[in-house]
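Here's the letter readout for the chains.
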Amino acid sequence: MRIVIGEDSVLLREGLRRLLEDAGHDVVATGDDGPSLVAAVVEHSPDVAIVDVRMPPTFTDEGLRSAVEIRNELPEVAIVVLSQYVEERYALELIAGSTRKVAYLLKDRVADVADFLSTLELVATGGTAIDAEVVAQLVKRRGSTGLDRLTSRELDVLGLMAEGRSNRAIAHELGISQGGVEKHISSVFTKLDLLPAPEDHRRVLAVLQYLGQ
């Protein structure tokens, strides 16, 4: 697997490089700030980009904004956010289009090297891995998830949404009309108390609640 690492801490960056190379992967480039990370990914088109949230110059959300930029420009590159922080706005934007090929892991909760390497493989092949604590922080203001209020068909629809399927693809998979899919999604939003709001991605928030169950 070809990997680009975006991390400003030299010790962590080189530690990750050694770990990945020892596991047989190829670290093709590294970046210590947002622009250098994006440039490296554009140049090398890796299978996976590992990204820290807070990078120079302001150490706020440069890394995650760069991850969103990579996601928009090169959706075939899997993104693994590895950070100490949950940055809500850009975390939601990162998975707004699709939850495929994305992971958001908290450094302090990565307890096993083998599990971490397995997560990289999962995400590189189209999977999703979002730390339960990340999910909890992103949906905590919503209170109870309400998943137990969904019908089996609504859960089917939500599960396919979590796979990044479009409404058309969901309709084809379930053998129902797109209008039927839209009605089920509207019902899911209502039962999960996801009211329309300009700052929220309701589809993403619904998927996060599903992934965190």
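Below, the structure is looked at part by part.

Rules of the game
- Residues numbered from 1 in each chain as written.
- Predicted model: local features only at pLDDT ≥ 70, side-chain atom pairs only at ≥ 80, totals over all residues.
- Heavy atoms only, no water.
- Helix = DSSP H or I, 4+ residues; strand = E, 2+ residues; numbered from the N terminus.
- Buried < 20%, exposed > 50% of the residue type's maximum accessible area, 1.4 Å probe, protein only.
- Contact = heavy atoms within 4.5 Å.
- Areas by Shrake-Rupley, 256 points an atom, 1.4 Å probe, with all protein chains shown as cover.
- Lys, Arg positive; Asp, Glu negative; His and termini not counted.
- Charge placed at Lys NZ, Arg CZ, Asp CG, Glu CD.
- Core = buried A, V, L, I, M, F, W, Y, C linked by side-chain atoms within 4.5 Å.
- Phe/Tyr/Trp six-rings, centres within 6.5 Å; stacked < 30°, edge-to-face > 60°.
- Lys NZ or Arg CZ within 6 Å of the ring centre and 35° of its normal.
- Pairing = 2+ DSSP bridges.
- Right-handed = clockwise from strand over helix to strand, strands pointing away.
- Salt bridge = Lys/Arg side-chain N within 4 Å of Asp/Glu carboxyl O.
- Axes fitted to C-alpha atoms, helices over the stretch in contact; angles between N-to-C directions.
- Parallel < 35°, antiparallel > 145°, perpendicular 65-115°, else oblique.

Time to look at the overall build of the protein. A count of helical and extended segments in the protein gives 10 helices and six strands. Principal-axis analysis of the C-alpha atoms places the extent of the protein at approximately 50 × 35 × 30 Å. Across the 213 residues that make up the protein, the buried fraction comes to 46%. The contacts of the protein with a sequence gap of at least 6 include a subset with a gap of at least 24, amounting to 67%. As presented, the protein carries roughly 10,200 Å² of accessible surface, and 49% of it is formed by carbon and sulfur atoms. Here the protein holds 23 positive side-chain charges and 34 negative ones, and the gap between their average locations is 7 Å.

Let's shift gears to the nonpolar core. By size, the foremost hydrophobic cluster in this structure holds 50 residues, and its most contacted members are Val41, Leu64, Ile79, Leu94, Tyr104, Leu158 and Leu208. Counting 18 residues, the second largest nonpolar core, distinct from the first, contains Ile5, Val27, Val48 and Leu105.

Below, the discussion takes up the packing of aromatic side chains. In this structure the tally under the stated criterion is zero aromatic pairs. Of note, Arg54 hangs over the ring of Tyr85, and the distance from its end group to the ring centre comes to 3.6 Å.

Further remarks concern the pairing of strand S5 (residues 102–106). Of all five residues that make up S5, five are buried, and the element is covered over most of its length. Side chains of S5 alternate between two faces, with Val102, Tyr104 and Leu106 and Ala103 and Leu105 buried alike. With five bridges joining them, strand S4 (residues 78–83) and S5 adopt parallel strand pairing. When the bridges of S5 are listed, Leu82 appears paired with Leu105. Relative to strand S6 (residues 128–130), S5 is paired through three bridges, and the arrangement is parallel. Residue pairing across strands places Ala103 opposite Ala129, the latter belonging to S6.

It is worth spelling out the pairing of strand S1 (residues 2–6) at this point. Consecutive side chains along a regular strand alternate between the two faces of the sheet. In terms of residue burial, S1 counts as a mostly covered element, since four of its five residues are buried. Pairing of S1 with strand S2 (residues 26–31) involves five bridges; the strand directions are parallel. Bridge assignment links Ile5 to a residue of S2, and that residue is Thr30. This β-α-β element, S1 to helix H1 (residues 10–22) to S2, shows right-handed connectivity. Note that S1 and strand S3 (residues 48–51) share four bridges and pair parallel. Note on S3: the bridge partner recorded for Val4 is Ala49.

Moving on, we get to the pattern of salt bridges. The final tally for this structure, using the stated rule, is 11 salt bridges. A salt bridge links Asp156 to Arg153, with the nearest nitrogen and oxygen atoms 4.0 Å apart. You can see Asp156 and its partner Arg153 sitting in helix H7 (residues 152–162), three residues apart, about one turn around the helix. Taking the relative accessible area as the measure of exposure, Asp156 reaches 37% and is therefore partly exposed. What makes Arg153 partly exposed here is its relative accessible area of 32%. Arg165 is paired through a salt bridge with Glu173; the nearest N and O atoms lie 3.6 Å apart. A residue is classified by how much of its surface remains accessible, and Arg165, at 28% relative accessible area, is partly exposed. Relative accessible area serves as the criterion here: at 48%, Glu173 is assigned to the partly exposed category.

On to the packing of H7 against helix H10 (residues 202–211). The N-to-C vectors of H7 and H10 enclose an angle of 105 degrees; their axes lie 9 Å apart at closest approach. By the angle between their axes, H7 is roughly perpendicular relative to H10. Between H7 and H10, the residues in contact are Leu155, Leu158, Gly159, Met161 and Ala162 and Arg203, Ala206, Val207, Tyr210 and Leu211, respectively.

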